[in-house]
Amino acid sequence: MPQSARPADAAPIPSGTVAFLFTDIEGSTQRWERYRDATAAAVKLHDALLRGAIESHSGYVFKTIGDAFCAAFPTVRDAIGAALEAQRALAAEDFSAVDSLKVRMSIHVGHADERDGDYFGPTVNRVARLLAVGYGGQVLVSGAAADLVQDELPPQASLRDLGAHRLKDLTQPEQVYQLVAPDLQQQFFALKSLESLPNNLPLQVTSFVGRETDAAEIARHMGRTRLLTLVGTGGVGKTRLALQTGADLLDRYADGVWYVEFAPLVDATLIPNTVGAIFGITDQPGKSLTDVIVSALRNKAALLIFDNCEHVVAEAAAIADALIRGCPKVQLLATSREGLGISGETVHRVASLSLPPPVAGIGAEEARAYAAVALFAERAAAANTRFELTDRNATVVADVCRRLDGIALAIELAATRLKVLSIEQLAAKLDERFRLLTGGSRTALPRQQTMRALIDWSYDLLGDAEKAVFRRVAVFAGGWTLEAAGEICSDDAIESWDVLDLLGALVDKSMVVAELADGEQRYRLLESTRQYASEKLGESGEREHLRGKHAAYYLALLREAEPSLNVTPMGTWIAPLAAETDNFRLALDWYLTDKTDPELGAELIALLIEVFSEISRPAELWRWLVVAHGALGESGDPALRARLLGGMSAISDAIGMGFSQRLELAQQALAIFRECGTTLDIARATVQVGLYYAFVERITEATPLFEEGLELARRTKDRRLIARALAAESYCLSDLEAKRQCLREATALYRAAGDDRGAARTQSWLAEQEFRFGDVGAALAHANESIAICRRRRFRSNLVVHLVNAAAYHLWIGAVDEARDAAREAIGICQEIQDLLDVPICIQHLAGVAQARGDAERAARLLGFTDARFLAIDEVRQMTEKRLYDRIVEALLGTLGADELRAHMAAGALLGEDEAIDEALRA
């Protein structure tokens, strides 16, 4: 209610530091639809109970929205007391006429701005976000509020720590507590925070200010369009607005909200790779990656946020169009400086933040009602804790914001200058700079030039050394570490140890962004400043020299890391190297695409084989290996050429290469290594060739290779290689216990190396050996352990293999339903990640399900399809698949006879893959 409407004897409206209680009824919309008259009566009673509890604890109801209450209290103790009394009063009433009535509540405390009886600011937004993650009957209390009330709780009440949770404002996680009392509901589902909903939305280090209305408007647009593009000038706040909208809409999308950043991309053809990487979608032979992505997301209900499309607009438009046409439940939210220009697109222009009119004498509270001023005030206070928006300086602040055209990044850049300038000095310098750049007619030019003017001004305020480091960091792609900047950006005038201070100064002035990722401090440029810095780098004449230093640094980084990659836990090295993916690509471009030094480029991609196998898609790795092999030529280092061949062999199955070609590449690599390779090289190549033989039961040829490989691997002390050699040797042992011992030792070594993928693989191989010797129960136990590891670590492609094996074991012992479930899950993942190689095996096992259920004709057709597919891709059935295949064929011969079986199998050979999958899923 407005302040003037309050009774004369009412308590003063809380101000300054305020405790807030927000409430709403869970599922009220459905109740209004089902029980309109009864709900009206129930809500009326609810309102009276809530208002009575609030007012009896010195609370002030400053807003009601439908059935939601927003109340302010002088203390957290009062808010807790009101919430407890309200929940008890609600529980005592009979709401059976509306199928119960549950109210969720949240309590938070902090500074808030009060105007005309209403409250504004981050504290109010935070308590609303806290309410959104709870459930009816639950009272959630923020960490800040809990700290103030621990010793003042009502009798028998306590606070249960629910842990830290990221709320939908995307800023720092909130420690959340639940109010517990004997007569309140105790147990609820996990909070609906960002951790419990599928997404990859990044943490934001600053609060969301001034765009709440815009976010709500965009959310409404998303209910009416499949593709919404946020268009606006650089720095206006498109990215932050898109991220906040995505967080607000998380509940709408069963398969999540996914952020895809295009800003670091230099090569626009990598857009499908960037999108696919978010979902673990891999390249497949015979299909474009865009088609693979569309197929994988066809039945997904998801929101994709495409950020910074302007420099790759044609390619971004192409994949957006494909997704819109092929994935009916996928929606897109894009940010760009121009629309994507495709059918079905809705363009929403993001305006600058709202600005106060150019009037003298505006007061602080009136000025703060405008988003641009609110943002400036918050960022200025963060930069200089002594700054406060007052009636005395509000006119100057409003003038600064108008001169910055309400552009969010411009305001943030200017606000940081209050560390060294007064607001009056800032206004004077800003005014002088704009007059200089615009010739006195600033409003006649596009807003982008206003932004450029601000960056020009900020750049000119830097010292010479700061300017040099600022333009030089434009050589990086995606981000960089302090060590990289110290090495690449230093010269005779700027020592490497000076770079830390200079980067810190640039961060303070909002020219460079610092962020903590996986425990490591990294730096990056915002897109607008990156483009500006890149121009300055080009003007300096330093670009080519710095690109060479950049490539040399990342090559040296991998040279230094290589000896430890296979003897230390994978978790300690994969994340730091994965963070440098864009820089590795840039270095490869320098050496191989620009042909500055093909041999160093070949060495770089050879060193990246292990890293890219973990963090990239095989097709990209394959492409670089082929380019490097061609550039190296026959005259290049033979050992390096062999490493390239070995890498090509190791990933060739993933790109659809047939067995004989994979074996030939591995044999070529081994032959060269025997002439000039290290012990490590020979050991790896020997085991690889041996495995190809073992997989097709050519044990006589595999045995000497495994014996040699294991002996060489032990010399290297490379734990993962020893584990692989031990696991491989198990194929050649005749005694089951000896096989078990080899594989157990291999598993232990993989685990010591932090290689869960390898540990899962050895458990799978142990399952195969148990199956070979007839202990199907033991085989299933090991297969289930592999499945558990892959589920926990989200190794989707590896999970398929282990599910397929489990399906085979279940079939062998007659557990048909379990076999069907495992094979159906495997084939579903194959469709999702477009794994074409394992589809025929899944279909074979579902043929076994059909045969076991008496559907012999369907089983025969499915077997015919698998025979044709294995022949087409030059693949050979391994032991388990071969034994199961023979068993199914034998059973079908007894049912159908040879001639009818051949006829049905011939018909199955003509099926397309989609037809075969559909038929298999009906087994």
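Values in this document were obtained by computation on a predicted structure and should not be read as measured data. (Residues numbered from 1 in each chain as written. Predicted model: local features only at pLDDT ≥ 70, side-chain atom pairs only at ≥ 80, totals over all residues. Heavy atoms only, no water.)

Turning our attention to the overall build of the chain. Looking only at helices and strands, the chain has 40 helices and 16 strands in total. Along the three orthogonal principal directions, the C-alpha set of the chain runs to about 95 × 80 × 55 Å. Taking the contacts inside the chain whose residues are at least 6 apart along the sequence as the reference set, 72% of them involve residues at least 24 apart. Carbon and sulfur atoms make up 50% of the accessible area of the chain, which amounts to about 37,500 Å² in all. Distance from the positive charge centre (98 side chains) to the negative charge centre (128 side chains) of the chain: 2 Å. (Helix = DSSP H or I, 4+ residues; strand = E, 2+ residues; numbered from the N terminus. Contact = heavy atoms within 4.5 Å. Areas by Shrake-Rupley, 256 points an atom, 1.4 Å probe, with all protein chains shown as cover. Lys, Arg positive; Asp, Glu negative; His and termini not counted. Charge placed at Lys NZ, Arg CZ, Asp CG, Glu CD.)

A few words on the packing of helix α12 (residues 371–383) against helix α14 (residues 408–416). Viewed as axis vectors pointing N to C, α12 and α14 meet at an angle of 35°, and their least axial separation amounts to 8 Å. Between α12 and α14 the crossing geometry is right-handed. Packed against α12, whose contacting residues are Ala372, Leu375, Phe376, Arg379, Ala380 and Ala383, the element α14 presents Ala408, Ile411, Glu412, Ala414, Ala415 and Thr416 at the interface. (Axes fitted to C-alpha atoms, helices over the stretch in contact; angles between N-to-C directions. Left-handed = near helix turned anticlockwise from the far one by under 90°.)

With that out of the way, let us pick up the state of the cysteines. Per the stated rule, a full pass over the model turns up 0 disulfides. Cys732 provides the cysteine sulfur closest to Cys742, a residue in no disulfide bond, and the two sulfurs are 9.6 Å apart. (Disulfide = S-S within 2.5 Å.)

The N-to-C vectors of helix α31 (residues 736–752) and helix α32 (residues 756–772) enclose an angle of 170°; their axes lie 8 Å apart at closest approach. In terms of axis orientation, α31 runs roughly antiparallel to α32. For the pair formed by α31 and α32, the contact residues are Leu736, Lys739, Arg740, Leu743, Ala746, Thr747, Tyr750 and Arg751 on the first element and Gly758, Ala759, Arg761, Thr762, Gln763, Trp765, Leu766, Gln769 and Glu770 on the second. (Parallel < 35°, antiparallel > 145°, perpendicular 65-115°, else oblique.)

What the rule picks out here adds up to 20 aromatic pairs. With 6.4 Å between their ring centres and 45° between their planes, Tyr60 and Phe62 make a pair best called tilted. Neither Tyr60 nor Phe62 differs from the other in exposure class; each is buried. Seen from their ring centres, Tyr459 and Tyr532 are 5.6 Å apart, and the 65° between their planes marks the pair as edge-to-face. Of this pair, Tyr459 sits in helix α16 (residues 447–460) while Tyr532 sits in helix α20 (residues 527–540), and the two are 73 residues apart along the sequence. Every member of this aromatic cluster is reached through a ring pair, and the members are Phe20, Phe22, Tyr60, Phe62 and Tyr119. Above the plane of the ring of Trp624 lies Arg623, whose end atom (NZ or CZ) is 4.9 Å from the centre. It is Arg887 that lies over the ring of Trp812; its NZ or CZ is 3.9 Å from the centre. (Phe/Tyr/Trp six-rings, centres within 6.5 Å; stacked < 30°, edge-to-face > 60°. Buried < 20%, exposed > 50% of the residue type's maximum accessible area, 1.4 Å probe, protein only. Lys NZ or Arg CZ within 6 Å of the ring centre and 35° of its normal.)

Across the 7 residues of strand β8 (residues 174–180), 6 count as buried, placing the element largely inside the fold. One ladder, built from 3 bridges, connects strand β6 (residues 139–142) with β8; its direction is antiparallel. Across the sheet, Val141 pairs through a bridge with Tyr177, a residue of β8. (Pairing = 2+ DSSP bridges.)

Our next topic: the environment of Leu249. Along the chain, the position of Leu249 falls in the loop between α7 (238–248) and β10 (257–261). Separated by 480 residues in sequence, Leu249 and Glu729 have C-alpha atoms that sit 53 Å apart.

Moving on, we come to the sheet that holds strand β13 (residues 345–349). Strands in a sheet are paired, the pairing made by backbone hydrogen bonds, and the direction either parallel or antiparallel. Ordered in space as β10-β11-β12-β9-β13, the 5 strands form an open sheet in which the pairing is parallel. Edge positions in the sheet fall to β10 and β13, since each has one partner strand and no second. Between one strand and the next, the sheet's axes are offset by a mean angle of 20°, whatever the strand orientation. Packing of α7 onto the sheet brings it into contact with β9 (227–231), β10, β11 (302–307) and β12 (330–336), and relative to β12 it is tilted by some 160°.

Despite not being glycine, Asn308 has its phi angle at roughly 60°, a positive value. Tracing the chain through its elements places Asn308 in the loop between β11 and α10 (313–326). Looking at Asn308, the relative accessible area reads 11%, which means it is buried. Phi at Glu697 is positive, roughly 70°, even though this residue is not glycine. By the element assignment, Glu697 lies in the loop between α28 (679–695) and α29 (699–716). The exposure class of Glu697 is partly exposed, given its relative accessible area of 37%.

Moving on, we get to the pairing of β10. Extensive coverage of β10 is indicated by the burial of 4 of its 5 residues. Of the strand pairs in this sheet, β10 and β11 are connected by 5 bridges, and their pairing is parallel. Counted as the bridge partner of Glu261 is Asp307 from β11.

What follows is about the nonpolar core. Phe470, Phe476, Trp480, Leu503, Ile605 and Leu608 are the most contacted members of the largest nonpolar core, which has 109 residues in total. Leu780, Leu892, Leu911 and Ala916 belong to the second-largest nonpolar core, a separate cluster that totals 57 residues. (Core = buried A, V, L, I, M, F, W, Y, C linked by side-chain atoms within 4.5 Å.)

This next bit is on helix α36 (residues 839–852). Here α36 contains 14 residues, and its C-alpha end-to-end distance of 20 Å stays within 8% of the 20 Å for a straight helix at 1.5 Å per residue. The buried count for α36 comes to 12 of 14 residues, which makes it a mostly enclosed element. Turning to α36, its buried residues are Val839, Pro840, Ile841, Cys842, Ile843, Gln844, His845, Leu846, Ala847, Gly848, Val849 and Ala850. The first or second residue beyond α36 is Gly854, which carries a positive phi of 90°. (Expected span 1.5 Å × (residues − 1).)

In the predicted model, the chain carries a mean pLDDT of 86, and the fraction of residues at 70 or more is 93%. Note on residues 1–8: pLDDT is under 50 here. Beyond four places in sequence and across chains, it has 13 contacts. Between residues 433–449, whose pLDDT stays under 50, and residues either more than four places distant or in other chains, the model counts 25 contacts. (pLDDT = per-residue confidence, 0-100.)

So, about the environment of Asp99. Locating Asp99 in the fold gives a position in the loop between α3 (76–92) and β4 (103–115). In this structure the C-alpha to C-alpha distance between Asp99 and Ala38, which are 61 residues apart in sequence, comes to 10.0 Å. Setting aside its immediate chain neighbours within four residues, Asp99 contacts Arg31, Arg34 and Tyr35.

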